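# Residue-level structural notes
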Amino acid sequence: MTHRPYTPWLFLLPGLAVVLMFTMFPFLNMIVLAFTDADALGGGQFTGVDNFLRMTQDPKFWTAVRNSFLYLCGVVPPLVLLPLLLAMLVRRKVPGITFFRTAFFTPVIASAVVVGLIWTWLLDSRGLVNNVVETLGGTPIPFLTDSTLLLISAMLVTVWKGLGYYMIIYLAALANVPNDLHEAAQVDGAGPVRRFFSVTVPALRPTMVLVAALSAVNGFRVFAEIYLLSGGSGGPGGASTTLVMLIQQTGTGLTGEVGYASALSLILFIVTLGLLLITLRLNRKEDAL
Amino acid sequence: MKLLGRYVLLLGVFALTIGPFLWQLSTSLKGPGEDVYRPDFVPSDPTLANYAGVAEVVPVWTFAANSLLVALVNVVCNCLGAAMAGYALARLKFRGRRLAGLVFAASILVPFETILISLFLVMRSLGLTNTLTAVVLPGSIAALNVLLLRNAFLALPGEVEEAAIIDGANAWQRFVRIALPSVRGTLVVVALFSFMFSWDDFLWPLVVLSDPDKYTLTIGLAYLQGTFFQNQRLVAAGTIIAVAPLILLFLLLQKHFFRGVGEGALKG
């Protein structure tokens, strides 16, 4: 025996304590609270599926779910495709390439708040972007005051911030694509576009599915971008609120409806888990082929 | 010719990724006499007055100190606590090891937003709401870091420790003297990303802190935007204060950042 029987548990104690107290317990408690009418003061009675029935009648819930799904649909295609193109652009080790890779990664390390504030200023009604629009002869675009445009602007910010991250993931994957496949295709007379679709894309499919899954889950959980671009309001009349924003607004503060917010959290969990399962399924099909 | 086209594209993307930062920096350096709405990237009369000015309207240096404190504690707890747990999971044999590993793996599947409300209740019952302790605790030993370090310890050859076992070193001595120094690379990644997550975190401090004196930089900035939005120069100066330390850290240690993404240390 190289150690006493309780030694491993002493090593695990801090980590297990943190994870059990601040992730596992709150998670299980959230599931319980979802079926109660607990308020900000706690307590609450078991109310069965009342919270979920209430959701079906709650226009705010449907707006939030719709916006979160729209968000997911808006950010996933560009985040799967653009970083791949970017990775191919920075793949060749031309002079100065490290400089460019570093620069393209910079938005990833900045906080969503910093990025949100930078773009709030850029997209301001008299901001830099509208300045360019006016110079080109257009009329200023209400990026931040129209609920649809606000969502699109936030998607743009998410894509801008995520590009560098997924670029690095693709770079690592590209390094594993065998070069002779490209050469063989070239000998067969395939042009660059043809080679991209018939060699690169099939070889990278597992990575593309991974990127789609990560960006979908993160897209569905969007909070900071919308919060910052709308100045905390969730857009005009709350029309750009997302599910996480609704959870935050419903569950916190003196009037917090903890039970209902927990039910909303449970929906959020089920959707994110569903997205992950779909991904696993897609990748398994891959192996079967 | 092809190479030239590549550089044109590279410079184009460069302008799109770095341009917004430069515009914010430029705005923060513009004096009160200059029209901030005019698209001039170079301030006509650059001044640092906005950096002093932002400290007059909100305690921005207190925010920064709070952020720094929270981030540093987060780094130390994660490096030590996650390494200890990872070491036990990888190098010690005991009953219940698989179960313990499963607990960490399962908790990765729980998105933070889903426990936001009930975590707040936990902090309230511990009497910790509106404290920096409450900001630090939930992420102080992240399950993801435990698994990253577990993998790093698993990759170490077994012989390294065998000699120490024969010499009579106990588990803690082997952990500190042999195992920890061998996973330095992963520790750097864990430290870096713990710092960054903590420094950039927004939703949790927004919910758990209510007193502006306790604010971290991210919610301090959102508060600044809400209160003094009309003075864009001050908001810009605050943004630069919040982002400059991270950019500096990134430039110094970029190799480790890229490695961290490769190892899955960053969830995006």
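Residues numbered from 1 in each chain as written. Chains lettered and ligands numbered in written order. Predicted model: local features only at pLDDT ≥ 70, side-chain atom pairs only at ≥ 80, totals over all residues. Heavy atoms only, no water.

A count of helices and strands for chain A gives twelve helices and zero strands. Walking chain A from its N terminus toward its C terminus, one meets helices and strands in the order α-α-α-α-α-α-α-α-α-α-α-α. In terms of its C-alpha atoms, chain A occupies a principal-axis envelope of roughly 75 × 70 × 35 Å. Across the 289 residues in chain A, those meeting the buried criterion constitute 55%. Of the contacts made within chain A by residues no fewer than 6 positions apart, 68% connect residues no fewer than 24 positions apart. Put simply, chain A shows about 13200 Å² of open surface, and 67% of that area lies on carbon and sulfur atoms. Here chain A contributes 17 positively and 14 negatively charged side chains, and the mean placements of these two sets differ by 10 Å. (Helix = DSSP H or I, 4+ residues; strand = E, 2+ residues; numbered from the N terminus. Buried < 20%, exposed > 50% of the residue type's maximum accessible area, 1.4 Å probe, protein only. Contact = heavy atoms within 4.5 Å. Areas by Shrake-Rupley, 256 points an atom, 1.4 Å probe, with all protein chains shown as cover. Lys, Arg positive; Asp, Glu negative; His and termini not counted. Charge placed at Lys NZ, Arg CZ, Asp CG, Glu CD.)

Where charged atoms from two side chains of opposite charge approach closely, those side chains can pair. For the coordinates displayed, the defined rule picks out five salt bridges over all chains. When the shortest N-O distance is used, the salt bridge between Arg54(A) and Glu257(A) registers 3.0 Å. Taken together, the residues span a long stretch of sequence, with Arg54(A) in helix 2 (residues 50–57) and Glu257(A) in the loop between helix 11 (243–251) and helix 12 (258–288) at a distance of 203 residues. Arg54(A) sits in the partly exposed class, given a relative accessible area of 35%. You can call Glu257(A) partly exposed: its relative accessible area is 32%. A salt bridge links Arg221(A) to Glu113(B); the nearest nitrogen and oxygen atoms lie 2.8 Å apart. One end of the pair, Arg221(A), is in the loop between helix 9 (192–220) and helix 10 (224–229); the other, Glu113(B), is in helix 5 (residues 112–125), on a second chain. It is possible to trace a salt-bridge network through shared partners that takes in Arg91(B), Glu161(B) and Arg174(B). (Salt bridge = Lys/Arg side-chain N within 4 Å of Asp/Glu carboxyl O.)

The next point concerns the interface of chain B and chain A. Taken together, the contact pairs 89 residues of chain B with 85 residues of chain A. At the boundary of chain B with chain A, total buried surface from both sides reaches about 7700 Å², with 78% on carbon and sulfur atoms. Per-residue buried area on chain B facing chain A is highest for Arg6(B), Tyr37(B) and Ile117(B); these three make up 9% of the total on that side. There are one salt bridge connecting chain B and chain A. (Buried area = accessible area lost by both parts, 1.4 Å probe.)

What follows covers the packing of aromatic side chains. This model, assessed by the stated rule, comprises 36 aromatic pairs over all chains. Ring centres 5.1 Å apart and planes at 80 degrees place the aromatic pair Phe105(A) and Phe258(B) in the edge-to-face group. Of this pair, Phe105(A) sits in helix 4 (residues 97–109) while Phe258(B) sits in helix 13 (residues 232–263), which puts the two residues in different chains. With a relative accessible area of 0%, Phe105(A) lands in the buried category. Ring geometry for Tyr227(A) against Phe202(B): centres 5.4 Å apart, planes inclined by 65 degrees, an arrangement best described as edge-to-face. Taken together, the residues Tyr227(A) in helix 10 and Phe202(B) in the loop between helix 10 (184–200) and helix 11 (203–208) connect one chain to another. A single burial state applies to Tyr227(A) and to Phe202(B), both of which are buried. Members of the aromatic cluster, connected to one another through ring pairs, are Phe11(A), Tyr87(B), Phe153(B), Trp172(B) and Phe175(B). Between the NZ or CZ atom of Arg126(A) and the centre of the ring of Tyr37(B), over which it lies, the distance is 3.8 Å. (Phe/Tyr/Trp six-rings, centres within 6.5 Å; stacked < 30°, edge-to-face > 60°. Lys NZ or Arg CZ within 6 Å of the ring centre and 35° of its normal.)

With that out of the way, let us pick up the domain arrangement of chain B. Residues and elements named next belong to chain B. Domain boundaries in chain B define domain 1 (1–47) and domain 2 (58–263). For domain 1 and domain 2, the distance between their C-alpha centroids amounts to 33 Å. On the domain 2 side, the residues contacting the ten residues of domain 1 number eight residues. Taken together, both faces of the contact between domain 1 and domain 2 bury some 690 Å²; the carbon and sulfur share is 68%. Contact with domain 2 buries surface across domain 1, with Phe21, Gln24 and Ser28 losing the most and accounting together for 55% of the total. Counting the contacts that link domain 1 with domain 2 gives zero salt bridges. (Domains from an automatic or database assignment.)

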